[in-house]
Amino acid sequence: MIRRSFYKNRKQLSFKVLFVILSIYLLGLDCMSLGDSYRPIPGLLYNSVSFDGDFNPQNSVRPLRFGKGCVHHIFRIYSWGDAAAGSIAWRELITKISYIDHSVTDFFIFYGRYCTYVYGE
């Protein structure tokens, strides 16, 4: 009788520990980008934000060409894509960059997209 209650309590304890660890993991994944100083603070369940990036302070470059690159992620575990401004400019034959914009779209931790838009000559 003592053994049964011991194993029953041990099983309940292991489920509680698993639940706590999983909860901390999921909250941690969603809050990882809260400290990111380069982009706006994301929403908890859904986020769709566009924001300014870098620009040419002399404003001598005209935005005649446009390039876009995105990075996607699933569950914030696996990500793919290229959102580097330099590689976008090189791919679109932009030799002088006028300005750069960004956008972020997130659906909780399930899917997310970070895009960089490059304008220039």
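Refer to the structure printed above.
Computed from a prediction, not measured in an experiment: that's the story for all the values here.

Rules used throughout
- Residues numbered from 1 in each chain as written.
- Predicted model: local features only at pLDDT ≥ 70, side-chain atom pairs only at ≥ 80, totals over all residues.
- Heavy atoms only, no water.
- Helix = DSSP H or I, 4+ residues; strand = E, 2+ residues; numbered from the N terminus.
- Buried < 20%, exposed > 50% of the residue type's maximum accessible area, 1.4 Å probe, protein only.
- Contact = heavy atoms within 4.5 Å.
- Areas by Shrake-Rupley, 256 points an atom, 1.4 Å probe, with all protein chains shown as cover.
- Phe/Tyr/Trp six-rings, centres within 6.5 Å; stacked < 30°, edge-to-face > 60°.
- Pairing = 2+ DSSP bridges.
- Axes fitted to C-alpha atoms, helices over the stretch in contact; angles between N-to-C directions.

1. A short note on the overall build of the protein
A tally of regular secondary structure across the protein gives two helices and five strands. Each of the 121 residues in the protein was classed as buried or not, and the buried ones make up 29%. In the protein, the share of contacts with a sequence separation of at least 24, taken over all contacts with a separation of at least 6, comes to 65%. Split by element, the accessible area of the protein, about 8900 Å² in all, is 64% carbon and sulfur.

2. Remarks on the packing of aromatic side chains
Applying the stated criterion across every chain yields a total of eight aromatic pairs. Note on Tyr46 and Phe107: the rings are 5.0 Å apart at their centroids and 40° apart in plane angle, and the pair reads as tilted. Here Phe107 lies in strand β4 (residues 97-107) and Tyr46 lies in strand β1 (residues 46-55), a separation of 61 residues in the sequence. A relative accessible area of 47% means that Tyr46 is categorised as partly exposed. A relative accessible area of 37% means that Phe107 is categorised as partly exposed. Members of the aromatic cluster, joined through ring pairs, are Phe66, Tyr99, Tyr117 and Tyr119.

3. Concerning the pairing of strand β5 (residues 111-120)
With seven of 10 residues buried, β5 is to be regarded as a mostly interior element. Relative to β5, strand β2 (residues 65-74) runs antiparallel, the two being bridged by 10 bridges. If you follow Val71 over to β5, its bridge partner there is Tyr114. Across 10 bridges, β4 lies against β5 in antiparallel orientation. Each residue of the ladder has a partner; that of Asp106, found in β5, is Gly112.

4. A word on the environment of Lys96
Along the chain, Lys96 falls in the loop between α2 (85-91) and β4. Sequence separation of Lys96 and Arg65 is 31 residues, and the distance between their C-alpha atoms is 9.7 Å.

5. A few points about the sheet that holds β5
Pairing is antiparallel in the open sheet, where five strands are placed in the order β1-β4-β5-β2-β3. Only two strands of the sheet have a single partner each, and these edge strands are β1 and β3 (78-81). Each strand of the sheet is rotated relative to its neighbour by a mean of 15°, with strand direction disregarded. As paired strands, β1 and β4 are joined by eight bridges and run antiparallel to one another. If you follow Tyr46 over to β4, its bridge partner there is Phe107.

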